[in-house]
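Chain residues, written in single-letter form:
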Amino acid sequence: VGHCHPDIVKAAHEQNQLLNTNSRYLHDSLVDYAERLSKTLPEKLCIFYFLNSGSEANDLALRLARQYTKHEDVIVLDHAYHGHLTSLIDISPYKFRNLEGQKEWVHVAPVPDTYRGLFREDHEDSVTAYADEVKNIIEHAHKRGRKIAAFFVESLPSVGGQIIPPAGYFQKVAEHVHKAGGVFIADEIQVGFGRVGKHFWAFQLQGEDFIPDIVTMGKPIGNGHPLACVATTKEIAEAFAATGVEYFNTFGGNPVSCAIGLAVLDVIEKEHLQAHATEVGNFLMKILKEQQLKHPIIGDVRGCGLFIGVDLIKDQAE
């Protein structure tokens, strides 16, 4: 919502003067904030865990998925990056390929990129073709006696090149993953909170009939303040709680963080930032497409709201 936004600075300052404590102590703002966030999400995503960073959120999502499914393996997209913790480096091809390589419980699916990818715009059904790649991975894993805990994906792959997956891809993948006893995790850390303009969450671009099992949030959630969140269903949360090992995060959801989180939501609403992202994004896409007509080095211009990719190429035909 902008550097040092006065409303955010004020919310942090006022709460700092009253009380900041760890989350063993109950505070109304925790509930108020969870309630407010829940209004932006589908009804079944009604349980919230607050943390300090996107990496913490993705690590918890992994734990939730494994506890709920009792499976271990994870499917990710090629070039993905999900965070800096050891558990997340392991599911980030962008990182692990330069480090210790791929673990046996990690499976890498091709990015559903219709410009550069395996199946392109001229393919008769790229959605099914890309989803079938995930189905094949699952079948191959099962033959090896492995079981899928989760399909872990950024709603719009960012590090992988600002990719816009074709609509319907998530629904088909979720079908294969659920059939295998796994869950669908949508990482909204870079793309959530109205950045795509027409929707508050990027996974909503896939259509109203698609709902992930777990959603992770970070980065814009606190406008620079360390704050993150995992939203999930009652069933998954109950399976997690059933271990008897409660989840605790000292500063996750502290009163100052919640005051800031609420203020961010207020500003997004009050200043019509979703409409702004749509308007500015459309304008930027328009002028980039004008440049594309002039310069053969620009192969593709794609995006939604203020999530935009420009593909620079050497050869138009290839």
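These numbers were taken from a predicted model, which means no experiment stands behind them.

(A) Looking closely at the nonpolar core. Counting 53 residues, the largest nonpolar core has Leu-37, Phe-151, Tyr-169 and Met-217 as the members making the most contacts within it. Tallying contributions element by element places helix H9 (residues 255-270) first for this core, with 9 residues. With residues up to four places along the chain from it excluded, the contact list for Met-217 reads Leu-37, Leu-41, Gly-54, Ala-57, Ile-189, Phe-193, Trp-201, Ala-228, Cys-229 and Ala-231. Counting 25 residues, the second largest nonpolar core, distinct from the first, contains Ala-57, Leu-60, Val-76 and Ile-185.

(B) Fine view of the pattern of salt bridges. Per the counting criterion, the structure on display carries 16 salt bridges. In this structure, the salt-bridge partner of Arg-24 is Glu-246, at a minimum N-O distance of 3.0 Å. Taken together, the positions of Arg-24 in the loop between helix H1 (6-18) and helix H2 (28-38) and Glu-246 in the loop between helix H8 (234-241) and H9 put the pair 222 residues apart, joining distant regions of the chain. For the pair Arg-24 and Glu-246, one class covers both residues: exposed. A salt bridge links Arg-146 to Asp-73, with the nearest nitrogen and oxygen atoms 2.7 Å apart. Of the two residues, Arg-146 is situated in the loop between helix H6 (126-143) and strand S4 (148-154) and Asp-73 in strand S2 (residues 73-77); the sequence distance between them amounts to 73 residues. Like Asp-73, Arg-146 is buried. Several salt bridges share partner residues, and in doing so they unite Glu-72, Asp-73, Glu-104 and Arg-146 into one network.

Criteria and thresholds
Residues numbered from 1 in each chain as written. Predicted model: local features only at pLDDT ≥ 70, side-chain atom pairs only at ≥ 80, totals over all residues. Heavy atoms only, no water. Core = buried A, V, L, I, M, F, W, Y, C linked by side-chain atoms within 4.5 Å. Buried < 20%, exposed > 50% of the residue type's maximum accessible area, 1.4 Å probe, protein only. Helix = DSSP H or I, 4+ residues; strand = E, 2+ residues; numbered from the N terminus. Contact = heavy atoms within 4.5 Å. Salt bridge = Lys/Arg side-chain N within 4 Å of Asp/Glu carboxyl O.

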